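# Geometric and topological summary
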Amino acid sequence: MILDKPLALPKLDRRGFLAGTATLATLSAAGLMPMAAAGAAVDAREVERLQARVKGKVVARDTELYEPWRRSMIWQTQKFPRNPEIIVQAESVEDVVAAVDHARENKRRITTRAGGHSFCGCFMRDDGMLVDVSRLSTIEIDAGKREAIVGPGVIGRRLQEELGRQGLAFPTAHCGMVPVSGFLLGGGLGWNGNAWGGMSVYNILEVEIVTADGQVRTASETENPDLFWAVRGGGPGLFGVVTSFRLRVHPAPKAMRSHTYIFPFTASAEVAAAMEEIGPKLPLNVELIGVITAAPPGMEKACSAAGCDQVFILQSVAFVDSEAAALVGMAALKEHPVTKRAIARIENAEESFENLYYGNEVPFPQRRYCVDNIYADSLAKPIEIFIRRMPQSPSRVTAPVLLYKGRPELPDGACATKGNFYVSCYAQWDDPAADKANKDFMVAMYEELQPLGTGSYINELNQEGRIHRIRECYTAEGWRKLGALRRKYDPGLVFHTFYGLEPDLPQA
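Residues numbered from 1 in each chain as written. Predicted model: local features only at pLDDT ≥ 70, side-chain atom pairs only at ≥ 80, totals over all residues. Heavy atoms only, no water.

Right, let's talk about the side chain of Thr417 for a bit. Considering the arrangement of structural elements, one finds Thr417 in the loop between strand 17 (399-404) and strand 18 (421-429). Here Cys473 takes part through its backbone oxygen, which lies 2.9 Å from a polar atom of the side chain of Thr417. In this view, Thr417 contacts Tyr375, Thr454, Gly455, Ser456, Glu472, Cys473 and Tyr474; residues no more than four positions away in its chain are not counted. (Helix = DSSP H or I, 4+ residues; strand = E, 2+ residues; numbered from the N terminus. Polar contact = N/O pair within 3.5 Å; in protein donor to acceptor, adjacent residues only side chain to side chain. Contact = heavy atoms within 4.5 Å.)

The structure is reproduced here in structure tokens:
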């Protein structure tokens, strides 16, 4: 998610504003079959054998603890009716090795989970084993080298706090409660991402990873570089369990500032056009974000047309070392004529990472979610679709988000899709009876948007509803390479791959 804090409006405090805005047909790989047959049973002796090998907790599907554990693995309130036969909560790398060895020996496929923030719950599969690595959460910082060694269960907020004490920072997820693991492995759209690597994954220097044969390997640009390529973007299709990351970290900005403007929904096309003009003029350390969201109290009738219970928020955030640098960096937004149409504004606001996390988390509480995205080089056609479709959204708190990316130069890795803008939408609702309406709305809207894009971002693709678009998160060559590497490192398919879909594998 990418929404930042909204405006501090007259007679409306920050919390009041936030309350207003927040109001398989599986395609198998040629010649390879999944290791586990559907419904493979777990007997008590198997659980006992596995529990004897791990220090962490092992919970089987037919036990009293299982359903509370299974539900707790999923961050949102939609608890996806998929059931792994065994859940293992690892306490150490040795526990992960034992779980992988057990799965391979007993023909059970594996998924991994740290924080459960996959919007489609892609880690929750029927049958097989779920390995929870959330308790692997140590942080070691070498300020002199500007490096940190971080466990997969470390959440972004904690990492930022620990780094901040030593004058350092990292492009974490926009929500502070998201752990680094799944976020990074899928690419990572992080704070100040354009200045800090293009995508957050390109700040990984090295990982420790347990592969399907139970070996603990190091992957970096110089050691197992092909596996490292897959780590940098393979996401839920990765064939291994990463147990630690060595990360490049950065000097913390000393004077973060923001400009925020709010517009009536009817100005959406004009504001989107302004974003296309403003984005290329901004330095890399200024982030430009647009959000269509529920109107705050008192602004529900800011215009008189379909969709006027929503507004368009446009914001720049400068990650710089002085107020003067912030004002210069954000000048292209403040001086643009579109700002004259704003119905409210707050300029030169002091920021911190905690402010940014707070502003992004409160409008996105624990609800039921469906999320999707494309990258696009232009907003002209996508914004037309949002203007036409959003008034018919089943939920009025569903929020499209536009982030300027500007086609950053990326190193060699599986994460390679890019466009000038990241065009996403976060459908959110509370009533289970509204599941179908909200999901159908999102699928229809993004099937219309897809031809306008240059690809998608795997971490926020609706893998459950648009399985056939998974490969569009990768280049054609990257998709083939993922398949070839899976054959090399996981020939027996110990690990589940992308939800409902296997990468193409080379012919034998």
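Structure's up, so let's keep going.
Next up on the list: the UniProt feature "domain: FAD-binding PCMH-type" (unreviewed entry) in the chain. Following the UniProt record, one finds the feature "domain: FAD-binding PCMH-type" (unreviewed entry) at residues 80-252. The span residues 80-252 is 20% helix and 25% strand, and its two end C-alpha atoms sit 39 Å from each other. (UniProt positions renumbered as here; feature names shortened; annotations may be inferred.)

All right, on to the pairing of strand 14 (residues 310-318) then. In terms of residue burial, strand 14 counts as a mostly covered element, since 9 of its 9 residues are buried. On strand 14, burial covers both faces: Gln310, Phe312, Leu314, Ser316 and Ala318 on one face and Val311, Ile313, Gln315 and Val317 on the other are all buried. Both strand 12 (residues 257-264) and strand 14 contribute to a ladder of 8 bridges, which runs antiparallel. Bridge assignment links His259 to a residue of strand 14, and that residue is Ser316. (Buried < 20%, exposed > 50% of the residue type's maximum accessible area, 1.4 Å probe, protein only. Pairing = 2+ DSSP bridges.)

Within strand 18, 9 of the 9 residues are buried, which leaves it mostly tucked inside the rest of the structure. Residues of strand 18 alternate between two faces, with Phe421, Val423, Cys425, Ala427 and Trp429 on one and Tyr422, Ser424, Tyr426 and Gln428 on the opposite face, all of them buried. Where strand 16 (residues 368-376) and strand 18 come together, 9 bridges link them in antiparallel fashion. Across the sheet, the residue bridging to Val371 is Tyr426, located in strand 18. Looking at chain direction, strand 17 and strand 18 are connected through 6 bridges and run antiparallel. Bridge pairing in strand 18 links Tyr404 to Phe421.

Another point: the nonpolar core. One finds Leu159, Met199, Ile204, Phe245 and Phe353 to be the most contacted residues of the largest nonpolar core, which totals 75 residues. Considering each element in turn, this core owes the most residues, 5 residues, to helix 7 (residues 225-231). Setting aside residues up to four positions removed in sequence, Phe353 forms contacts with Gln160, Ala169, Trp191, Trp196, Pro253, Met256 and Phe319. Counting 45 residues, the second largest nonpolar core, distinct from the first, contains Leu282, Trp429, Phe441 and Tyr446. (Core = buried A, V, L, I, M, F, W, Y, C linked by side-chain atoms within 4.5 Å.)

Attention now moves to the packing of aromatic side chains. Here the structure, examined in full by the defined rule, presents 14 aromatic pairs. When the centroid spacing of 5.2 Å and the interplanar angle of 70 degrees are considered together, the rings of Tyr404 and Phe421 count as edge-to-face. You can see Tyr404 sitting in strand 17 and its partner Phe421 sitting in strand 18, a full 17 residues away along the chain. Among the residues examined, Tyr404 registers a relative accessible area of 15% and is labelled buried. Taken together, Trp75, Phe119, Tyr369 and Tyr426 form an aromatic cluster joined through their ring pairs. (Phe/Tyr/Trp six-rings, centres within 6.5 Å; stacked < 30°, edge-to-face > 60°.)

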